[in-house]
Amino acid sequence: MIDLKIDGLKVFVKPDVTILEACKYSGTSVPRFCYHETLSIAGNCRMCLVEILDSEKPVASCLTEGKQNLAIYTNTPFVKKARENVVEALLLNHPLDCPICDQA
């Protein structure tokens, strides 16, 4: 077992668990679009971004495995702005007739 700190809360998880799964186990909600437990990890949407202590960039929590003594932050202004930018990029070329388009 390894211990992580998620928003100041100490969590013990298995070594091969991703940050997204560790957050789920701890009760911390992390938004996501493309992640599903039974499918292979794609990491396309980047909605599950979190901040790791001493990291310049946010990381995709669905792709990143937890490591011993890792400090993770899911609700900082930095993370919120990064997620906002991701949603803006996803909607940039989205058609305005969303309810009636073929993908809906």
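Nothing here was measured: the structure is a model prediction, and the numbers come from that model.

Enquirer: Just give me the short version of the overall build of the protein, but keep the residues and values in it.
Expert: Check the secondary structure of the protein and you find two helices and five strands. Listing each helix as α and each strand as β along the protein from the N terminus yields β-β-α-β-β-β-α. Dimensions of the protein along its principal axes, counting C-alpha atoms only, are 50 × 30 × 20 Å. When burial is assessed residue by residue, the protein has 37% of its 104 residues classed as buried. Put simply, of all contacts in the protein between residues at least 6 apart along the chain, 46% involve residues at least 24 apart. Per element, the accessible surface of the protein, about 7,000 Å² overall, is 54% carbon and sulfur. Taken together, the 11 basic and 13 acidic charged side chains of the protein have centroids lying 5 Å from each other.

Enquirer: Talk me through the pairing of strand β3 (residues 49-52); I want residue IDs and the actual numbers.
Expert: Alternating residues of β3 divide into L49 and E51 and V50 and I52, and every residue in both groups is buried. Bridge count for β3 against strand β4 (residues 59-60) is two bridges, and the pairing is antiparallel. Counterpart to L49 in the pairing with β4 is A60. Relative to strand β5 (residues 70-73), β3 runs antiparallel, the two being bridged by two bridges. Among the inter-strand pairings, I52 is bridged to a residue of β5, identified as I72.

Enquirer: Provide a residue-level description of helix α1 (residues 19-26), including the pertinent values.
Expert: Among all positions of α1, only I19, L20, A22 and C23 are buried. Burial along α1 is one-sided: seen end-on, the buried residues are contained in an arc of 160 degrees. In the core, the buried residues of α1 are packed alongside β1 (2-6), β2 (9-13), β3 and β5. Immediately beyond the C-terminal end of α1, within one or two residues, lies G27, with a positive phi of roughly 90 degrees.

Enquirer: Could you give an account of helix α2 (residues 77-91), with specific residues and numbers?
Expert: With 15 residues, α2 should cover 21 Å at 1.5 Å per step; its first-to-last C-alpha distance of 21 Å lies within 8% of that length. By the burial criterion, the buried members of α2 are V79, A82, R83 and V86. Angularly, the buried residues of α2 cover 95 degrees about the axis, an arc narrow enough to put them on a single face. Away from its buried face by more than 90 degrees, α2 exposes P77, E88 and L91. Contact partners of the buried residues in α2: β3 and β5.

Parameters at a glance
Residue positions are given per chain, counted from 1 along the sequence in the order it is written. pLDDT decides what is reported in this predicted model: residues at 70 or higher carry local features, side-chain atom pairs at 80 or more are listed and counted, and totals for whole chains, interfaces and linings draw on all residues regardless. No hydrogens and no water enter the side-chain calculation; it runs on all heavy atoms of the structure. Labels follow the DSSP assignment, with helices taken as runs of H or I lasting at least four residues and strands as runs of E lasting at least two, numbered in each case from the N terminus. Relative accessibility decides the category of a residue: with a 1.4 Å probe and only protein chains considered, values under 20% of the type maximum give buried, values over 50% give exposed, and everything between is partly exposed. In what follows, residue pairs with any heavy atoms lying within 4.5 Å of each other are defined as contacts. Residue burial considers only the protein chains on display, and all accessible areas are found by Shrake-Rupley using a 1.4 Å probe. The charge count includes Lys and Arg as positive and Asp and Glu as negative, but it does not include His or the ends of the chains. Think of each charge as sitting on NZ of Lys, CZ of Arg, CG of Asp or CD of Glu. When DSSP finds at least two bridges between two strands, those strands are taken to pair. Here the arc refers to the directions that run from the helix axis out to each C-beta atom. To estimate the expected span of a helix, subtract one from its residue number and multiply by 1.5 Å.

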